[in-house]
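In case you want the letters, here they are:
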Amino acid sequence: QVQLVESGGGLVQAGGSLRLSCAASGRTFSRYVMAWFRQAPGKEREFVAGVSRSGGSTYYADSVKGRFTISRDNAKNTAFLQMNSLKPEDTAVYFCAARFGQDVLVSTDRYGYWGQGTQVTVSS
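Residues numbered from 1 in each chain as written. Predicted model: local features only at pLDDT ≥ 70, side-chain atom pairs only at ≥ 80, totals over all residues. Heavy atoms only, no water.

## Quick notes on the pairing of strand β5 (residues 46–51)
Thinking step 1. Burial runs high along β5: five of the six residues are buried.
Thinking step 2. As paired strands, strand β4 (residues 32–39) and β5 are joined by five bridges and run antiparallel to one another. Paired with F37 across the bridge in β5 is F47.
Thinking step 3. Adjacent in sequence and paired antiparallel, β4 and β5 are bridged by six residues, among which G42 carries a positive phi angle near 75°.
Thinking step 4. Taken together, the three bridges between β5 and strand β6 (residues 58–60) define a ladder with antiparallel strand orientation. Looking at the pairing, A49 lines up with Y60 of β6.
Thinking step 5. The antiparallel hairpin formed by β5 and β6 contains six residues in its connecting segment, where G55 sits at a positive phi of about 90°. (Buried < 20%, exposed > 50% of the residue type's maximum accessible area, 1.4 Å probe, protein only. Helix = DSSP H or I, 4+ residues; strand = E, 2+ residues; numbered from the N terminus. Pairing = 2+ DSSP bridges.)

See below:
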């Protein structure tokens, strides 16, 4: 079991940056693949980025490649999403997710643990 709590969302102008954090409970954080998803109003939840258990491999949606960076600190049970060059279309609720397994997957139904979400709003 793992519980996830996101923080770091807010309002930012286009071109700005935000850093999201996802704090996890439990002592087995390093056994979980971690990912960030987002959901804009009226749209389905979509994969943004994922990181392997060791942090050595990362994966990104095409829409955020080159602008977002996912990372994790297993000693601190925390995952991060650094978001640069933000665009208005990045506006959404961002969710941290965890799955007990080896592979970073992009489907929401493959992740068993979710945070409550944090709002990111990018103004033009």
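Once you've had a look at it, read on.
## Examining the nonpolar core
Thinking step 1. M34, W36, L81, M83 and Y94 are the most contacted members of the largest nonpolar core, which has 28 residues in total.
Thinking step 2. Broken down by secondary-structure element, the contributors of at least two residues to this core are β3 (18–24), β4, β5, β7 (68–73), β8 (78–83), β9 (92–100) and β11 (118–123).
Thinking step 3. What M34 contacts, discounting residues up to four positions off in sequence, is L4, C22, F29, A49, G50, V51, I70, R72, A79, C96, A97 and A98.
Thinking step 4. Counting seven residues, the second largest nonpolar core, distinct from the first, contains A35, F37, F47 and A97. (Core = buried A, V, L, I, M, F, W, Y, C linked by side-chain atoms within 4.5 Å. Contact = heavy atoms within 4.5 Å.)

## Some words on the side chain of S52
Thinking step 1. As for its placement among the helices and strands, S52 is situated in the loop between β5 and β6.
Thinking step 2. The exposure class assigned to S52 is buried, which follows from its relative accessible area of 11%.
Thinking step 3. At a separation of 3.3 Å, a polar atom in the side chain of S52 contacts the main-chain amide nitrogen of G56.
Thinking step 4. Setting aside residues no more than four positions away along its own chain, S52 makes contact with S57, R72 and V104. (Polar contact = N/O pair within 3.5 Å; in protein donor to acceptor, adjacent residues only side chain to side chain.)

## Comments concerning the pairing of β4
Thinking step 1. By the criterion of burial, β4 is predominantly enclosed, with seven of the eight residues buried.
Thinking step 2. The sheet contact formed by β4 and β9 spans eight bridges and is antiparallel. If you follow F37 over to β9, its bridge partner there is F95.

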